[in-house]
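One letter stands for each residue in the lines below.
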Amino acid sequence: MYRWKKKIAPYLFVLPNLIIFGIFIVFPALFGFYVSFTEWDVLTSPEFIGLGNFIKLFQSAEFWTILSRTLIYVFSVVPITFGLSMVLAIILDRNIKAKGFFRAIFYLPTMLSFIVIGVSWRWILGNNFGILNYLLDLAGMAPVNWLTNATTATIMVIFATVWARVGYFMVMFIAGLQGIPGVYYEAAKIDGASKWQQFRHITFPLLKPTSLVVVVLSTIQAFKMFGLIKVMTTGGPGDSTTYLVQEIYQQAFQVGDMGYASAMSVMLFLILGLLTIVQFKVSNRGGNAYE
Amino acid sequence: MRKNLFITITALLLVGLMAVPAFAQETVLDFVWFSDGVEGEVLKDIIDDYQEENPDVEFNIIEVPYNELNTKIKTMVAGGNPPDLARVSNPGELSSALLNLNDSIGQDYLDNFVESTHPYVMVDGEMLAVPIDVTANGIIYNKDYFEAAGIDVPDTEEELDDLWTWEEWANALEKVVEESNARYGLAYDYSPHRWSTLLYQAGGSFFSKDWSEVTINSPEGERAVEFFVELHDRNIIPESIWLGGENPNTLFRSGLTAMHFAGNWMLTNYRDNIENFDWGVAYMPKGKIRSSVVGGKFVAGFKDSDNKEAAVDFLKYFSSQKVNAKFCEESLFLSARTDNSKLNYSFGSDMFEIFSNELAVSPPEAGSDWAYNEAMSRIYDDIRQNVVKSIQKEITPKEAVENIEELAESEIEDMEN
Amino acid sequence: MNNKVKNILWYVILLSFSLIFVLPIIWIFISSLKTSNEIFSWPPTILPNEVTFSNYITAFSKGNFVTYFKNSIFVAVTATALTLLINSMAGYALAKFDFKGNKVIFFLFIATLMIPLQVIMVPIFIVLRNLGLYNSLWGIIIPPAATPTGVFLVRQYMTTIPDEVLESARIDGASEWRIFSMIILPLSKPVLTALTIFSFMWRWNDFLWPFVVLSTESKYTIQVAIANFVGQFSVDWNSLLAMNIVAMIPVLLVFLFFQRYFVKGIAMSGMKM
């Protein structure tokens, strides 16, 4: 009796989520996949053109420039966000005073909409009107061209992204830390293990499932970061902070070439899929602590 | 406990699914609208007046931010649920979804509207919208700064005979920075549309008037890029706007720049927000010729709407002389109607006159280029990129116009396939 | 003694680091208390010359913010309840049952995260409309409720719950639903807390989706209303700032209220493995 129930139970548990998913995400996604083989201006019916969009994509120098720029951005944002959110979570999981207060502070930027974050940073970093350059001036230092130089603008966009996302992943790590049994640390203390050894041999390995979530999600989020950059730099100076999703959105709704936008999305999907598989493989290497 | 929660939620979901909106007896017109200032409020007044005569017509105004206007309309249309009316800045973008007004209103009706609006409205021989108001690019200046520098700014028709040239204008802006508290001469909107004003003043254009040729790669086009780069090199325009996205309105409002290159839409904003100094509108300098750039707002119906007749009726009402005058006067807009060219504005009549005069001397390309939306939307960003790259000295002005030409030609070829 | 100095040093480091996170937000808040002219004056003032609430008053008088707030609360609360329920069920199945299709379903969930909403918005819209959910608050509650992030998070956490706990319950004859609701859920309090905080924030801050689905002002959520402060040529910064400060408050309250549930479950801390 219970064997039969155990067999059918997982399907029932997963069903509600799966139904909503199938109707609202999977079906539209398949449609989007089809659109990548068509020419579609959204207003009239899609027209099948085979691999035309993909050929255009592979021949476009602009696409590859944007892609490599996106990769630089993503691979800067992800490690910094990961490291910082983990360190903050570990510090704020300890028995320190006012930890609720500190958690809230680091989570604050997460609560703001991306539009406000983008506007605020542009406002703070403005060459002439920005409060930061004004303060530098008061302190007798030369103003910095924060957003008008391609390199500093890229760095500031990365900084703003990390600033906006660290609190979010910190909360995930804090939740994950609660799952590590306290007895391990007590045993380690008796054995005279240092703080670093405790982290190296208990916290880090046992946090692996959460770490995987954070790496995978922060990678996906960075690839899809849209509103913040659109408002903060409008992709500039020039196009030096224009990334893949900006280009997808531009093509889809400004230019009205949904087919090409979908083809780029398919590429984005493949890249992210590949990265995610790699991340899972790396995480499983040396055996998962729990499986 | 958990089970109860589950049942409650399921029940709620079912109720939600079944709550299909009931069909009302009256006609309800879905009207997609966006606002910069008070025009949304004025529209509501006008609708109230309209409803007194047409009590069976209801309006559902869907206000959206301008940036997302296309997203909203396109999803509604693609989802088989088009609005009945929409305020748009370029009917060509939505041409395949809009209602052809040739029979219901008739092309003759367009004779009532300034000619520069016609290419926006007529797409492939079909009249797709009704013009409501027009916009003109122009310059707004800080009177205090120019007075301090002892520079006379042309703002009367008498001064038009001896209008400043590009060079004199640039020198004046440099002098203002020296002689007043202004830190920079000019705040110039980060927009290819605003940049193109210089292109037309230089005597150039993006396309020929009939859209058959790409004309940007010309000595005039090159000169327009070159002069714009020069304005940056001489630090007259702070590079933080075109390279860093700093807000030009803010720079002008805070008194950091002596002049703002924008358009008539800034008047209400500055009226409400500037207290610390006197400001006014000046005539733009002339290059080879004088020119502004025309833009406009239109209202269109939709071909798959369920209430086409009611929509057309309101279009006629809204664009009629009296109603249009009320709308433009109260919103402080330039009317698109020729018979409303002189309106009684409660504020800044002299400034509006400057803008209308600028429009009157603009060449036809300054309108037809921007009405050629299908091509323009594809190269818009590239224009911006190439101008920026010229400012950064990565390419020469010559290369910039060559790049834009090449892109425009390949996009047009792409469109035709 | 040495320890005390070290402790103080830690606090100082933590405090100065947190300044980077909080100062920009304080700056927004202070600016929202300035008159529009002072916000745009040069040189800038750090503290307002005169504190004014006019930005808040103007923002609130434009449209019906009580209604928008009510709609947002309804959406965020209902969607969060739904998300918690279906995500934890799915996460549990994927973490603790070895069934056919487990891996496929799991990767399907994650894979959908990789699609930009912008390109599938139109087909989702068509589906919604055919289900009669267009211009209905349920249309913005149900589709996003099956969050892949939530499933992923819950699944990863639940893999750390030892199988022995479940097996002993099964031998005692507990039903699968009972095991889930009476054993698994209490043990997963920390991750469900995180999901509650996230889900509330996601739905509260959603813009694009509600914007596309809703077409009647009386159904607008707060973010849809805020976005309308942005015009073609001008942006009403003062109202935008003020409304965003107000809109943050519920999310902050939810965080402060729930973060205290980040505690080690009794069963976990005392467990012998």
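Going by an unreviewed UniProt entry, chain B carries the name Carbohydrate ABC transporter substrate-binding protein (CUT1 family) and comes from Halanaerobium saccharolyticum. The UniProt entry for chain B carries this comment under Sequence similarities (unreviewed entry): "Belongs to the bacterial solute-binding protein 1 family." Chain B has a UniProt comment under Subcellular location (unreviewed entry) that states "Cell envelope".

Looking at an unreviewed UniProt entry, one finds chain A named Carbohydrate ABC transporter membrane protein 1 (CUT1 family), with Halanaerobium saccharolyticum as its source organism. Taken verbatim from the UniProt record of chain A, the Subcellular location (unreviewed entry) comment is "Cell membrane". Word for word, the UniProt comment on chain A under Sequence similarities (unreviewed entry) is "Belongs to the binding-protein-dependent transport system permease family."

Right, let's get into the overall build of chain A. Looking only at helices and strands, chain A features 13 helices and 2 strands. Its C-alpha atoms give chain A principal-axis dimensions of about 75 × 70 × 30 Å. Per-residue burial for chain A yields a buried fraction of 51% across its 291 residues.

What follows deals with the packing of helix H11 (residues 189-205) of chain C against helix H14 (residues 237-258) of chain C. All names here are of chain C. It is at 10 Å that the axes of H11 and H14 come closest, and there the two elements cross at 175°. By the criterion of interaxial angle, the relationship of H11 to H14 is roughly antiparallel. Note on element contacts: H14 touches H11 through Pro250, Val251, Val254, Phe255 and Phe258, opposite Thr193, Thr196, Ile197, Phe200, Met201 and Trp204. Of the residues contributing to the contact of H11 with H14, the split by class is 9 nonpolar, 2 polar and no charged.

Grouped together as the largest cluster of nonpolar side chains are 298 residues, with contacts concentrated most on Leu173 and Leu186 of chain B. For this core, the element with the highest residue contribution is helix H7 (residues 150-177) of chain A, accounting for 17 residues. The residues touching Leu173 of chain B, leaving out its near neighbours within four places in the chain, are Gly185, Leu186, Ile236, Ala258 and Met259 of chain B.

As a further point, take unusual backbone geometry. Backbone geometry places Ala98 of chain A, a non-glycine residue, at a positive phi of 60°. With respect to the helices and strands, the residue Ala98 of chain A is situated in the loop between helix H3 (61-93) and helix H4 (99-111). The phi torsion at Asn135 of chain C lies on the positive side, around 60°, for a residue other than glycine. Inspection of the secondary structure assignment puts Asn135 of chain C in the loop between helix H6 (117-130) and helix H7 (138-141).

All names here are of chain B. The assigned domain composition of chain B is domain 1 (25-135 + 295-359) and domain 2 (136-294 + 366-416). Averaged C-alpha coordinates put domain 1 and domain 2 at centres separated by 28 Å. Contacts between the two partners involve 22 residues from domain 1, matched on the other side by 23 residues from domain 2. Counting only elements with at least two residues in the side of domain 1 that touches domain 2, the list comes to helix H4 (118-121), strand E6 (130-142), strand E10 (294-301) and helix H14 (349-361). Among the elements that line the side of domain 1 that touches domain 2, the one with the most residues is H14, at 6 residues. By residue class, the composition of the side of domain 1 that touches domain 2 is 11 nonpolar, 8 polar and 3 charged.

Take the interface of chain C and chain A next. Facing 74 residues of chain C, the contacting portion of chain A comprises 76 residues. Those elements that place two or more of their residues in the side of chain C that touches chain A are helix H1 (2-32), helix H4 (65-96), helix H5 (102-112), H6, helix H8 (148-158), H11, H14 and helix H15 (266-269) of chain C. Element by element, the count of residues in the side of chain C that touches chain A is highest for H1 of chain C, at 8 residues. Here the side of chain C that touches chain A is built from residues that sort into 56 nonpolar, 14 polar and 4 charged.

Contacts between the two partners involve 27 residues from chain B, matched on the other side by 21 residues from chain A. The set of elements that each furnish at least two residues to the side of chain B that touches chain A consists of helix H3 (69-78), helix H9 (239-242), helix H10 (248-253) and helix H16 (373-391) of chain B. Per-element tally for the side of chain B that touches chain A: the top contributor is H16 of chain B, with 6 residues. Residue classes in the side of chain B that touches chain A are distributed as 9 nonpolar, 11 polar and 7 charged.

All names here are of chain A. Those places that UniProt annotates as "transmembrane region" (unreviewed entry) correspond, in this numbering, to residues 12-37, 71-92, 104-124, 144-164 and 258-278. The distance separating the terminal C-alpha atoms of residues 71-92 is 31 Å; by composition the span is 100% helix and 0% strand. Between the end C-alpha atoms of residues 258-278 the distance is 30 Å, and the span holds 100% helix and 0% strand.

Before going further, it helps to spend a moment on the UniProt feature "domain: ABC transmembrane type-1" (unreviewed entry) in chain A. This chain's UniProt record puts "domain: ABC transmembrane type-1" (unreviewed entry) on residues 67-279 of chain A. The span residues 67-279 of chain A shows a helical share of 77% and a strand share of 0%, and its end C-alpha atoms are spaced 20 Å apart.

Criteria and cut-off values
- The residue count restarts for each chain, going from 1 along the sequence in the order it is written.
- Here the convention is simple: chains get letters from A, ligands get numbers from 1, in the order in which they are written.
- In keeping with the predicted nature of the model, local features appear solely for residues at pLDDT of at least 70, side-chain atom pairs appear and are counted solely at 80 or more, and the whole-chain, interface and lining totals rest on all residues.
- UniProt positions are given in the numbering used here, feature names are shortened, and annotations may be inferred rather than shown by experiment.
- Under the scheme used here, helices are H or I runs from DSSP no shorter than 4 residues and strands are E runs no shorter than 2 residues, and both carry numbers assigned from the N terminus.
- Residue burial is a threshold on neighbouring C-beta atoms within 10 Å of the residue's own C-beta, all placed from the backbone, with 20 or more meaning buried, 12 or fewer meaning exposed, and counts in between meaning partly exposed.
- In this description, a line fitted to the C-alpha atoms serves as the axis of each element, helices being fitted only across the stretch in contact, and the angle between N-to-C directions of two axes falls anywhere from 0 to 180 degrees.
- For classification, angles of less than 35 degrees are called roughly parallel, those exceeding 145 degrees roughly antiparallel, those between 65 and 115 degrees roughly perpendicular, and all remaining angles oblique.
- Contact between two residues is assigned when their C-beta atoms, built from the backbone, lie within 7 Å.
- Amino acids outside the nonpolar list (Ala, Val, Leu, Ile, Met, Phe, Trp, Tyr, Cys, Pro) and the charged list (Asp, Glu, Lys, Arg) are all regarded as polar, and Gly is one of them.
- Nonpolar cores are built from buried Ala, Val, Leu, Ile, Met, Phe, Trp, Tyr and Cys residues. These are joined into a set through C-beta atoms within 7 Å.
- Segmentation of the chain into domains, including their bounds, is taken from an automatic or database domain assignment.

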